[in-house]
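# Observations on the three-dimensional arrangement
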There are 2 protein chains.
Amino acid sequence: MLTLFTYNWQVREEWFEWAAELSEEELLKDRTGGPGSILFTLYHVADAEYSWIRAVYGLPDKPVSFESVRSLDMVRTLSDKWNREVRNLLESGVPDLEGTVTAEWAPVPYRKGDVLRHIIAHEIHHMGQLSVWAREIGHKPVSANVIGRELPAIPGNRSSSELK
Amino acid sequence: MLTLFTYNWQVREEWFEWAAELSEEELLKDRTGGPGSILFTLYHVADAEYSWIRAVYGLPDKPVSFESVRSLDMVRTLSDKWNREVRNLLESGVPDLEGTVTAEWAPVPYRKGDVLRHIIAHEIHHMGQLSVWAREIGHKPVSANVIGRELPAIPGNRSSSELK
């Protein structure tokens with residue numbers, strides 16, 4: 001399962017590269033059917049992953065508002081920073097998947113395994129939305145294929161290797 | 001990881017329910033940014049899962065053309081049939097994830113683990129596309145959340161339980 005995190009990070013990186021070809025107006029334009037603009041969507045998947053992973057590891061949320069990083073370079077820098085922290089946490093070992101996560105923004109506790117699956121599916125879902133918007137503005141979207149990529153496994157303890 | 005299969009099946013079922021509210025014209029209308037129409041997308045995710053899973057288990061492809069099931073009821077019946085076969089195969093035990101799959105439609109062999117991940121991400125990606133089209137025609141999309149669902153584990157051998 002953890003390999004799907006590395007898939008998402010690789011795909012997100014490719015969407016950042018892709019987005020560098022767009023004007024600021026296209027990046028920030030509010031669009032139908034997703035969380036907002038293309039840039040907000042990229043911020044949103046990184047933010048959700050970071051917040052949920054910190055919750056899984058029992059760490060408090062450290063929110064950064066979209067308004068404070070309202071450019072492609074700033075969102076990408078923030079995503080990279082969050083990504084390093086997420087990777088370090090996952091590499092430190094995967095928590096008991098049957099344990100529960102209580103997050104301040106969640107109405108009820110969830111099982112940690114379900115939260116990890118949620119993070120993965122959440123990003124793939126929103127990247128699917130980006131792919132429609134890409135075609136709508138005449139651009140070729142990033143490939144969503146898992147096969148044909150070199151996806152490094154996340155090194156870690158026994159539990160994480162079981163989760164590969 | 002196998003729990004993400006049960007997630008996809010549940011979400012697909014909800015999209016079939018959702019699609020029952022649409023006219024045939026809306027279902028079959030060609031749309032921008034995905035594989036075609038809403039109905040074709042539902043057929044396509046079921047078809048891809050079925051074909052790839054059979055390949056993972058060393059079974060030949062049994063293609064059914066979209067043209068032969070061009071109604072919501074027929075696609076849903078076919079998806080249910082394929083789904084039972086996929087479930088039975090997964091429940092029979094997960095193959096060695098490091099083994100390779102050679103599929104007649106694929107240019108090179110892929111690792112079985114990557115094919116399973118590919119099937120999962122493929123469906124989530126296309127359901128993300130459906131969610132944009134849903135809003136574009138004024139309908140509320142199916143929720144993509146993993147958390148908050150009851151997702152049954154797929155019973156099976158030691159390998160599949162490690163993959164949960």
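Residues numbered from 1 in each chain as written. Chains lettered and ligands numbered in written order. Predicted model: local features only at pLDDT ≥ 70, side-chain atom pairs only at ≥ 80, totals over all residues. Heavy atoms only, no water.

## Observations regarding the relation of the copies chain B and chain A
The condition is simple: Copies are brought into register by a least-squares superposition over C-alpha atoms of residues with pLDDT of at least 70 in both. Throughout, a contact is declared for two residues whenever any of their heavy atoms are within 4.5 Å.
When chain B is fitted to chain A, the best match, at an RMSD of 0.0 Å, comes from turning it 180° and sliding it 0.0 Å along the axis. Between the two chains, the operation in question is that of a two-fold axis. The residues that chain B uses at the interface reappear at the interface of chain A in 97% of cases, marking a shared surface.

## Concerning the nonpolar core
Going by this rule: Among buried residues, the Ala, Val, Leu, Ile, Met, Phe, Trp, Tyr and Cys ones that are joined through side-chain atoms within 4.5 Å form a nonpolar core. When a residue's accessible area, from a 1.4 Å probe over protein chains only, is under 20% of the maximum for its type it is buried; when over 50% it is exposed; and in between it is partly exposed.
Ranked by size, the top nonpolar core spans 113 residues in total, and within it A:Phe5, A:Trp52, B:Phe5 and B:Trp52 carry the most contacts. If we ignore the near neighbours within four places in the chain, the residues touching B:Trp52 are A:Ile147, B:Val101, B:Ala103, B:Trp105, B:Ala106, B:Tyr110, B:Val115, B:His118 and B:Ile119.

## Observations regarding the environment of B:Arg54
All names here are of chain B. Counted only if it meets this: For the purposes of this entry, the term helix denotes a DSSP run of H or I that reaches at least four residues, the term strand denotes a run of E that reaches at least two, and both are numbered from the N terminus. Polar contacts, as counted here, are pairs of nitrogen or oxygen atoms within 3.5 Å of one another; within protein the pair requires one atom able to donate a hydrogen and one able to accept it, and residues that are adjacent in sequence qualify only if both atoms are side-chain atoms.
Its place among the elements puts Arg 54 in helix H3 (residues 38–56). A residue is classified by how much of its surface remains accessible, and Arg 54, at 9% relative accessible area, is buried. Residues Arg 54 and Asp 30, 24 residues apart in the sequence, show an inter-C-alpha distance of 29 Å. Apart from residues no more than four positions distant in its own chain, Arg 54 is found in contact with Leu 59, Pro 60, Lys 62 and Glu 85. There is a polar contact of 2.8 Å between the side chain of Arg 54 and the backbone oxygen of Pro 60.

## Observations concerning the pattern of salt bridges
For clarity, the cut-off: Within this document, salt bridges are pairs made up of a side-chain nitrogen of Lys or Arg and a carboxyl oxygen of Asp or Glu, the two lying within 4 Å of each other.
In this structure the tally under the stated criterion is 24 salt bridges over all chains. Measuring nitrogen to oxygen at the nearest pair gives 3.4 Å for the salt bridge that ties B:Asp114 to B:Arg111. Under the relative-accessibility criterion, B:Asp114 is labelled buried at 9%. Among the residues examined, B:Arg111 registers a relative accessible area of 32% and is labelled partly exposed. Residues participating in the shared-partner salt-bridge network are A:Glu98, A:Arg111, A:Asp114 and A:Arg117.

## Some thoughts on the confidence of the model for chain A
What counts here: Note: pLDDT gives the predictor's confidence per residue, expressed from 0 to 100.
Confidence in the prediction of chain A, expressed as mean pLDDT, is 93, and 95% of residues score 70 or more. Below a pLDDT of 50 lies the segment residues 157–164 of chain A, which in the model reaches 20 contacts outside its immediate sequence neighbourhood of four places, other chains included.

## Quick word on the interface of chain B and chain A
Heads up, the condition is: Buried area adds together the accessible area that both of two parts lose upon being put together, with accessible area traced by a 1.4 Å probe. Three classes are used: nonpolar for Ala, Val, Leu, Ile, Met, Phe, Trp, Tyr, Cys and Pro, charged for Asp, Glu, Lys and Arg, and polar for all others, with Gly counted as polar.
Taken together, the 31 residues of chain B in the interface contact 30 residues of chain A. Carbon and sulfur atoms make up 70% of the area that chain B and chain A hide from each other, which totals about 3,000 Å². Of all residues in chain B, B:Arg117, B:His125 and B:Ile147 give up the largest surface area on contact with chain A, accounting jointly for 21% of the area buried on that side. Linking chain B with chain A are 0 salt bridges, by the criterion used here. Sorting the residues of the side of chain B that touches chain A by element identifies helix H1 (3–19) and helix H5 (112–136) of chain B as the ones contributing at least two each. Counting residues per element, the side of chain B that touches chain A draws most heavily on H5(B), which supplies 15 residues. Of the residues contributing to the side of chain B that touches chain A, the split by class is 14 nonpolar, 10 polar and 7 charged.

## Examining the side chain of B:His125
Mapped onto the elements, B:His125 comes out in helix H5. Residues in contact with B:His125, not counting those within four places in the same chain, are A:Ile124, A:Met127, A:Gly128, A:Ser131 and A:Ala144.

## Here's the deal with the packing of H1(B) against H3(B)
Residues and elements named next belong to chain B. Applied cut-off: Axis lines are fitted to C-alpha atoms, over the contacting stretch for helices. Their N-to-C directions set the angle, which ranges from 0 to 180 degrees. By definition in this entry, angles of less than 35 degrees are roughly parallel, angles greater than 145 are roughly antiparallel, angles of 65 to 115 are roughly perpendicular, and the rest are oblique. Crossing handedness: left-handed means the near helix sits turned counterclockwise from the far one by under a right angle, and right-handed means the same turn made clockwise.
For the pair H1 and H3, the least separation of the axes is 11 Å and the interaxial angle reads 155°. Put simply, H1 runs roughly antiparallel to H3. At the point where H1 passes H3, the crossing takes the left-handed sense. Together, Phe 5, Trp 9, Arg 12, Trp 15, Phe 16, Trp 18 and Ala 19 of H1 and Ile 38, Leu 42, Val 45, Ala 46, Glu 49 and Ile 53 of H3 make up the contact between the two elements. In terms of residue class, the contact of H1 with H3 is made up of 11 nonpolar, no polar and 2 charged.

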